[in-house]
Structures are given as structure tokens and as C-alpha cells.
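Here is how the chains run, residue by residue.
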Amino acid sequence: MSMTRPRPRLDDLTRPFWTGGAKGLLLIQHCPSCDGWTHPPLPLCRHCGREDHGFAAVPGTGTVDSFTVNHQPWLPGMEVPFIIARVAIDGAPGVYLTTNIVGCEEADLAAGDRVRVTFEEQGDIHFPLFEKAK
Ligand SMILES: [Zn+2]
């Protein structure tokens, strides 16, 4: 599946998350001080307030927490329907990504399903989408 997606704004704070896919990595903001994970990226660690935290790669797998199906083409070129899911990210306790599940139909997906990341490249952005783990 390929479609027009709203382009996220890239800055020093968000760039690692949106471009890690170029190296095949799902990068989540991680604080070496308290071992806390933060998403979406914030200037300060949401757990301890430290400023100089960075990013770390997680395995790229996760579990579907909940999902819904969008039937509305919000933008020109948007292909519907598509699945919007909240995925609990392995290796980053407390982090959920709101993302799309690709390569599967609504009827084949259930909360609790295991998924893994697949990146959709659009220029320098690599959108982290998920597909069902085999
Ligand atoms: Zn911290």
C-alpha cells in the first residue's frame, strides 16, 4: 500500500523517529538517566525531566492495543479504508504508537495481535507502519 500521508514536521526533536527507518531502525526517545521512554518526543524526559536524553532502537515488534478503520479520505490521494491502530511497543514500556496496520483486512485483525514495523519511505521520511507478525 502506498498513499499520500501528511508530512510530519522534522526538527531536532522529531528527526530520529521519522528517519530511523532509513537504517531499518525504530528509534524511540530514551533517557539514559532513568531508563524511561518517551513518545511523542519531548524536550524533557517525561519521567525525570532530564534534558540531554537521546534515542534508542527498539526491536520493532509490538502488540495491537486497539484499532479502528478509517473510511474517510481526508486528503486527496488517500486510499480508504485503512486501519488506524494503537500499538504497544516492545522494549519501550509505556510507549504506544498511533500508526497504520498494513497488509491485512479489518476482519483479520484483533486486539492483542502481534505486529512488526515496516517502513514506508516518502522522501527523507520513513513512516513506521505495522503489519501482522507471521
Ligand atoms: Zn529520564
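Just above, that's the structure.
This write-up is about the structure you can find in this document. (Residues numbered from 1 in each chain as written. Predicted model: local features only at pLDDT ≥ 70, side-chain atom pairs only at ≥ 80, totals over all residues.)

Per the secondary structure count, the chain includes one helix and eight strands. Against the compact-globule benchmark of 14 Å for 134 residues, the chain has a radius of gyration of 15 Å, which places it among compact chains. A principal-axis box enclosing the C-alpha atoms of the chain has dimensions of 40 × 30 × 25 Å. The contacts of the chain with a sequence gap of at least 6 include a subset with a gap of at least 24, amounting to 52%. (Helix = DSSP H or I, 4+ residues; strand = E, 2+ residues; numbered from the N terminus. Rg over C-alpha atoms; globule rule 2.2 N^0.38 Å. Contact = placed C-beta atoms within 7 Å.)

With that settled, the discussion passes to the sheet that holds strand β3 (residues 54-58). Spatially, three strands are ordered β2-β1-β3 in an open sheet, and the strand pairing comes out antiparallel. A strand with exactly one partner marks an edge of an open sheet, and here the two such strands are β2 (37-38) and β3. The sheet contact formed by strand β1 (residues 26-30) and β2 spans two bridges and is antiparallel. What sits directly across from Q29, in β2, is T38. (Pairing = 2+ DSSP bridges.)

In this section: the pairing of strand β4 (residues 61-70). It is a general feature of regular strands that their side chains alternate between the two faces of the sheet. Relative to strand β7 (residues 114-122), β4 runs antiparallel, the two sharing three bridges. Residue pairing across strands places G62 opposite V115, the latter belonging to β7. Pairing of β4 with strand β5 (residues 82-89) involves eight bridges; the strand directions are antiparallel. Bridge assignment links V64 to a residue of β5, and that residue is V87.

With that settled, consider the environment of V64. Its location among the elements puts V64 in strand β4. C-beta crowding within 10 Å serves as the criterion here: with 21 such atoms nearby, V64 is assigned to the buried category. When the C-alpha positions of V64 and A111 are compared, they lie 5.1 Å apart, and in sequence the two are 47 residues distant. (Buried ≥ 20, exposed ≤ 12 C-beta atoms within 10 Å, placed from the backbone.)

This paragraph deals with the nonpolar core. Nonpolar side chains in soluble globular proteins generally cluster together in the buried interior. Grouped together as the largest cluster of nonpolar side chains are 20 residues, with contacts concentrated most on I28, A85, V87, I89, A92 and F130. Going through the elements one at a time, α1 (15-19), β1, β5, β6 (96-101), β7 and β8 (125-132) are the ones with two or more residues in this core. It is β5 that contributes the most residues to this core, four residues altogether. Sequence-distant contacts of A92, that is, excluding residues within four places in its chain, are made with I28, W37 and V58. (Core = buried A, V, L, I, M, F, W, Y, C linked by C-beta atoms within 7 Å.)

Quick look at unusual backbone geometry now. The linkage connecting H39 with the following residue, P40, adopts the cis geometry, with an omega of -5°. Structurally, P40 can be placed in the loop between β2 and β3. Cis geometry marks the peptide bond from V80 to P81, where omega comes out at -5°. Here P81 shows up in the loop between β4 and β5. Here D35, not a glycine, exhibits a phi torsion of approximately 60°, which is positive. Turning to its location among the elements, D35 is positioned in the loop between β1 and β2.

Moving on: the environment of R86. Along the polypeptide, R86 turns up in strand β5. Residue R86 is classed as partly exposed on the basis of its C-beta count, with 16 C-beta atoms lying within 10 Å. Between the C-alpha atom of R86 and that of C45, which follows or precedes it by 41 residues, the distance is 22 Å.

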